[in-house]
Amino acid sequence: MDYQLSDLINIDELQGLMDHLYSVSRFATGVIDNNSVILTGNGWVDLCTKFHRVHPVTLKRCLESDIQVLGHMQEANPSYMYKCHNGLVDVATPIIIDGKHLANIFIGQFFLEPPDLEFFRGMAREFGFSEEEYLKAVEDVPILTTDQVNQNLAFLRKVTEMLGEMGLTQKRIQEAERLLKEAHDSLEQKVIARTAELAVAKERAEAANRAKSEFLANMSHELRTPMNAILGFSQLMQRDSSLNPEQREYIQIINRSGTHLLALINEVLEISKIEARRVTLEETSFDLHELIRDMENMFRVRTNSKGLYLQVIGLDTIPRYVYADESKIRQVLINLLGNAVKFTEHGGVRVRLEVNKREDTAALLNISIEDTGIGIADDEHDLLFRYFEQTTSGKMSKSGTGLGLAISREYIRLMGGDISVVSHPDKGSIFSFSLPVMIAQAPAPSDLEKQGIVLRLKSDVLPPKVLIVEDNEENRTFLETLLKQTGFTVRTATNGRQAICETEKWHPDFIWMDIRMPEMDGLEATRQIRLLPECKDLVIVALTASVFEEDRKKILDTGFDDFVSKPFLEEEIFEMIATHLGVEYDLFPESPDKIPGVKTELNAEMLLEIPSSLRSALSNAVIRLDRVEIAMVARQIRDEFPDVGRIIMGLADTLDFDRLIHWLDATEKLERYNESV
C-alpha cells in the first residue's frame, strides 16, 4: 500500500507545530509533498503568495523548483539549498518514513545577499506586475546568513526525525488494522486466531508510541530513586557518634557530591523543556558564598587528583545573599568548571569573581572560569554553544554530549545575562558570564536548622504511628530506620493494597506514600483510603521522584496533604511530620564536637595511656609537620584507643599542631614525675 504523508501524520497538528516554529524563528516554512501539494505554510512572503504563485508562468517555475528539490531528495541528500527560478533561496530537508521519501520541509523565501533589483524589475515587466508593488515585496524578503540557515536547518532535521518515528508508528498501526480487516473477511476460525495476534501487534505499536511521553517520567524515577538511598543512608551514617573526623568528612563529601549529581540529573531531564521554551526561573534567596565554596570543595578533589591548582579569587567582593535561580547558577558553574578541569593537564583553574555594577538592591556579577588547558581554535568558537556539537578537543576526549555549554547559555540568557569565551590553542580558555541579581537578606532557617539536628521525639510526646508505603527496599529501610531511631512507631507496606489493609487494621496517624508501586500505585491507594470514613483527616504525604509540576498538581488533587521529592533530606522528613502532626523533638547542635558521647578535649592523662613508642612517633611527626605520618600514627592510636585517636585526628585535620605539642610535652613531664615518685 502506498502512503502519503497526510495518511500518517495529522496535518492540522503538523500545522500547529510549524506555527510554533514560525512564532519563534520568524522564518517562512512549508511542508510540500512529492506531488507539489502544499500541506502547511507559515510566513510566506508576498513575493511568492501575491505574485509568483499567481501568474501561470512563474507558478510553473515554482513547480519546476519543487521537482528539482524532489530529485535531490530522492538521491538521499540530508538537505538541499537552492535558488528557485524566480530568484528566491530555499532550503529543504526530507521527511522519510520507513525508508520512503514522502515530503520535504522547507525554510524558504529569503536571500543570502542583497537582491539584484534589475533582475526583479525585468520580472515585473515580463509578467505584467506592478513594478512599485513588486519591488516593495522584494524589499520585504529577509536576508539571512548561512549560519542562521544552518542552525534552523539542524532543528528541522530533528523535527523530520520525530515525524519519521511518529509516521512509522502510525503506519504500523494502520497496517495492523488493514491486516485485521483482511483476516475478518476470511474463515471464522482464522479470524479469531488472527484477531488475537494483530491485537497484540497493535497494542505493541501503541505502547511504543506512549513510551515517548513516559520516557522522561521513567528516567526521573529510575535515577532519583537510587539517589534517595545513597543520600538517605549517608545521612544516617552522619548520626553515628563513633565516626572519626576523617570518616565524617568522607560522608559529607558523599552527601555534597550526591546533591550535585541530583542537580545534574534534574537539569538533564529538563532539556526537553528548554527545546520547547518551557523553562522557567525558580528564584529564591540563597547564600552565594556557600554555593561557590561548595563548587570549590567539589572540584578540588578532581584538581588534586590531577595535580592542578584551584583558586577562587574575589569571593569577599561579591554579595553573600542574593535572590536568583540557585539551581541554574549551580548547573552553569558545574558545566564550566567540569570542562576546565577535564581539558587541563598542567597548571590549574581560577574562578574570578567581581561586581561590575552595584546598587542598594541589585548587582551585576561577573564570574570567569580561567584554565591553562588545551584551548580552542578560533574557527571552532561558533560550535561551542550549539546543541550536540563538539570541538576537536571535545571529540578527542570521547566524553560529553555537546549539551553542557548550550544549556549554560540558555540558562544565563534566561536569567538576563550572557556568556562569552576567549580561548587559544595551548594557552587555555576563559569562559565569562555576567548575571544581574537582586541583593537579599539572609534566608530565615527553619526551626530545626536554627536549633540543630533531630535526636529523638520529646519524652512527653506520645509516639505517632507512621505507615511507610514504599516498594523500594533500600528507601523503605532508610525511612524505617530513621523514624524508629527517633522514637516513632513504624509499620511498612510494599504496595497500595497492603497500605489499605494496614490502614484499616492499624489506623496510623501519618502515611508516607510512594507514588509508583506494583499492583496498586500510591494515587489509587490514596483515593481508596480517603473513602474510608475514619480516614478523611488522616495525613498522607507523597514520596515522588517526579520533577514535573503537572505531576505534583495531580498528586495534590488526588487527596494527598503534601509531597516530598526524592531524594529527600532527613530534616525534610522531620519537618513534614512536625508540620502536620505538631510533634516536637529533642535536638542537639549539628557540630560533631557537641554531639553527646563524642569527647573532644585532650589531656595528659589520656595520652599517658598510649605506649611511649607511639607517642614518640607522633611527636616526631608533628615536629616535622608531616601530615601523612601524623595521620598514620593517629590511626594506629585510634585502633587501640578510639576516643583519643579520634581527637588527635581532629586536631591534625584542623592543623592544630600547637595543642598537640602542648599535650605531648605535658604527658612527657607527667610520665617523668610518675617515675620519680
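Residues numbered from 1 in each chain as written. Predicted model: local features only at pLDDT ≥ 70, side-chain atom pairs only at ≥ 80, totals over all residues. Heavy atoms only, no water.

1. Let's talk about the nonpolar core
Note the following rule: For our purposes a nonpolar core is just a set of buried Ala, Val, Leu, Ile, Met, Phe, Trp, Tyr and Cys residues, chained together by side-chain atoms within 4.5 Å. Per-residue accessibility, obtained with a 1.4 Å probe over protein chains only, is compared with the maximum for each type, and a residue is labelled buried under 20%, exposed over 50%, and partly exposed between these values. Starting at the N terminus, helices and strands are each numbered in turn, a helix being any DSSP run of H or I of at least four residues and a strand any DSSP run of E of at least two.
Membership of the largest hydrophobic core comes to 40 residues, with the highest contact counts inside it found for Leu 288, Ile 329, Leu 333, Leu 336, Ile 369, Phe 431 and Phe 433. If you list the elements that add at least two residues to this core, you get α11 (288–306), β8 (321–324), α12 (326–342), β9 (348–358), β10 (362–371), α14 (404–414), β11 (418–424) and β12 (428–439). With eight residues, the single largest contributor to this core is α12. Core analysis: the next-biggest nonpolar cluster, separate from the first, contains 26 residues, Ile 9, Leu 14, Val 31 and Ile 107 among them.

2. Examining the pairing of β10
To keep it simple, the criterion reads: Two strands make a pair as long as DSSP finds a minimum of two bridges between them.
Within β10, eight of the ten residues are buried, which leaves the element mostly enclosed by the surrounding structure. Of the strand pairs in this sheet, β9 and β10 are connected by nine bridges, and their pairing is antiparallel. Residue pairing for β10: Val 351 is matched across the bridge by Ile 369. Linking β9 back to β10 in an antiparallel pair, the connection comprises three residues. Relative to β12, β10 is paired through ten bridges, and the arrangement is antiparallel. From the neighbouring strand, Ile 369 faces β12, where its bridge partner is Phe 431.

3. Concerning the confidence of the model for the protein
Note the threshold: Confidence of the predictor in every single residue is expressed as pLDDT, which spans 0 to 100. Here, residues are in contact when the closest pair of their heavy atoms is within 4.5 Å.
In this model, the protein carries a mean pLDDT of 79, and residues with pLDDT of at least 70 account for 80%. Every residue in residues 446–450 is under pLDDT 50, and counting partners more than four places away or in other chains gives nine contacts.

4. Observations regarding the environment of Gly 128
Tracing the sequence through the fold places Gly 128 in the loop between α5 (117–127) and α6 (131–139). Spatially, the C-alpha atom of Gly 128 lies 9.3 Å from that of His 55, the residues being 73 residues apart in sequence.

5. Notes on empty space enclosed by the protein
Operational definition: Note on definitions: the grid is 1 Å and covers protein atoms alone; a cavity is a set of points where a 1.4 Å probe fits but cannot get out; a pocket is an open set with protein on both sides within 12 Å along at least five of seven lines; lining residues have an atom within 4 Å of a point. Grid points are joined across faces, edges and corners, and a volume is the space filled by probe spheres set on the points. Basically, the charged four are Asp, Glu, Lys and Arg, the nonpolar ten are Ala, Val, Leu, Ile, Met, Phe, Trp, Tyr, Cys and Pro, and anything else, Gly included, counts as polar.
Per the counting criterion, the structure on display carries two cavities of 30 Å³ or more. Approximately 180 Å³ is the volume found for the largest cavity. Lining the largest cavity are 16 residues, with Trp 44, Arg 53, Tyr 82, Asp 90 and Gln 109 sitting closest to its centre. Taken together, the elements giving at least two residues each to the lining of the largest cavity come down to β1 (29–33), α4 (56–74) and β5 (100–110). Its residues assigned to classes, the lining of the largest cavity comprises eight nonpolar, five polar and three charged. By volume, the second largest cavity amounts to about 60 Å³. Going through the elements one at a time, α11, β7 (309–313) and α12 are the ones with two or more residues in the lining of the second largest cavity.

6. Comments concerning the pattern of salt bridges
The condition that has to hold: Salt bridges are defined by distance alone: a side-chain nitrogen of Lys or Arg within 4 Å of a carboxyl oxygen of Asp or Glu.
Considering all chains together, one arrives at 18 salt bridges under this definition. Here Glu 524 and Arg 527 are joined by a salt bridge, their closest N and O atoms 3.2 Å apart. Of this pair, Glu 524 and Arg 527 both sit in helix α18 (residues 522–530), three residues apart, which is roughly one turn of the helix. The partly exposed category is assigned to Glu 524, whose relative accessible area is 31%. On the accessibility criterion, Arg 527 (36% relative accessible area) is partly exposed. Each of Asp 98, Lys 171 and Glu 175 takes part in salt bridges that share partners, so that together they form one network.

7. Points about the sheet that holds strand β18 (residues 562–565)
Whenever strands of a sheet pair, they do so through backbone hydrogen bonds, lying parallel or antiparallel. To keep things clear, this is the line we draw: Every angle, taken between N-to-C directions, lies between 0 and 180 degrees, and every axis is a line fitted to C-alpha atoms, over only the stretch in contact when it is a helix.
With parallel pairing, the five strands of this open sheet are ordered in space as β15-β14-β16-β17-β18. The sheet is open, and its two borders are formed by β15 (489–493) and β18, each paired with just one other strand. Between one strand axis and the next, the sheet turns by 20 degrees as a mean value, whatever way the strands run. Summarising the sheet, strand β16 (residues 510–514) and strand β17 (residues 539–544) pair through five bridges and their orientation is parallel. The residue of β17 that forms the bridge with Met 513 is Ala 542. Along the sheet, helix α16 (residues 473–486) makes contact with β14 (465–469), β15, β16 and β17, crossing β15 at roughly 170 degrees. Relative to β14, helix α17 (residues 496–506) is tilted by about 170 degrees, and along the sheet it contacts β14, β15 and β16.

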